[in-house]
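Chain and residue survey
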Amino acid sequence: NPKLMNNIFAQIPLAIPPLPEQKKIAEILSGIDKEIRLRDQKISKLQVLITSLRDDFLSQLMGEENTKVVPLSDLSRVIDSLHTTPTFAETGVPMVRVTDVKAGILSLDGTKRVTPESYKTYTRNHEPKEGDIVISRVGSYGITSLNLRSEKFCLGQNTALIHPTHIHSRFLYECLNSSFIKEQIEVSVEGSGYKSLSLASIRSL
């Protein structure tokens, strides 16, 4: 394993300004750290608020006479990814894998890339579109990301794509993140160790 020897570490050159300047720099950076902590606290509070409002809204809807309860398959296409691993490329089209699927708006930052030829292969059943929802199926199952961009990407193994056909995509995304759906997902997952969520289970939510 790589090591940094003490004698080498001791010889690393440092730029040392006068003490008053050091204090000023430290104060500025500490102030930025404080702002970041406050921002993160606000985000956490907003996330709790969103979760509470989402569940309250859906609970009220479930009790209304004109609310229909239907399986997801009546409202959307659920499209599986290919069960193969491509040869990744230095540049090309982003591939969204399970590790890239995080709650919120889909981000393609840091994703691995595939060639345009591989992209065509991996999107032969469906090219992801704005408003589509990516869901993880294995390991960290049931996590969803809402796609709000027109940039091309394809799906990696153990993910699926939900293409809304008869429902507003953002409303569907919020439904999928509600306690009502999360409880169904927990009941539906299969496997004792490395749990997975089947396509059939997703379609029947």
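Residues numbered from 1 in each chain as written. Predicted model: local features only at pLDDT ≥ 70, side-chain atom pairs only at ≥ 80, totals over all residues. Heavy atoms only, no water.

1. With respect to the sheet that holds strand β2 (residues 93–96)
Read across the open sheet, the three strands follow the order β4-β2-β7; overall the sheet is mixed. Edge strands, defined here as strands with exactly one partner in the open sheet, are β4 (112–114) and β7 (154–155). Of the strand pairs in this sheet, β2 and β7 are connected by two bridges, and their pairing is parallel. Each residue of the ladder has a partner; that of V96, found in β7, is L155. (Pairing = 2+ DSSP bridges. Helix = DSSP H or I, 4+ residues; strand = E, 2+ residues; numbered from the N terminus.)

2. Examining the packing of aromatic side chains
The tally for this structure, following the rule as stated, stands at zero aromatic pairs. Looking at K112, its charged tip hangs above the ring of F88, at a distance of 5.3 Å from the centre. (Phe/Tyr/Trp six-rings, centres within 6.5 Å; stacked < 30°, edge-to-face > 60°. Lys NZ or Arg CZ within 6 Å of the ring centre and 35° of its normal.)

3. Remarks on the nonpolar core
Core analysis: the biggest nonpolar cluster contains 18 residues, and I133, I162, L176, I185, L197 and I202 have the highest contact counts within it. Elements with a minimum of two residues in this core: β5 (133–136), β8 (159–164), α4 (169–176), α5 (179–188) and α6 (199–203). Element by element, the count of residues in this core is highest for α4, at three residues. Core analysis: the second largest hydrophobic core is formed by nine residues, I79, V134, F153 and L161 among them. (Core = buried A, V, L, I, M, F, W, Y, C linked by side-chain atoms within 4.5 Å. Buried < 20%, exposed > 50% of the residue type's maximum accessible area, 1.4 Å probe, protein only.)

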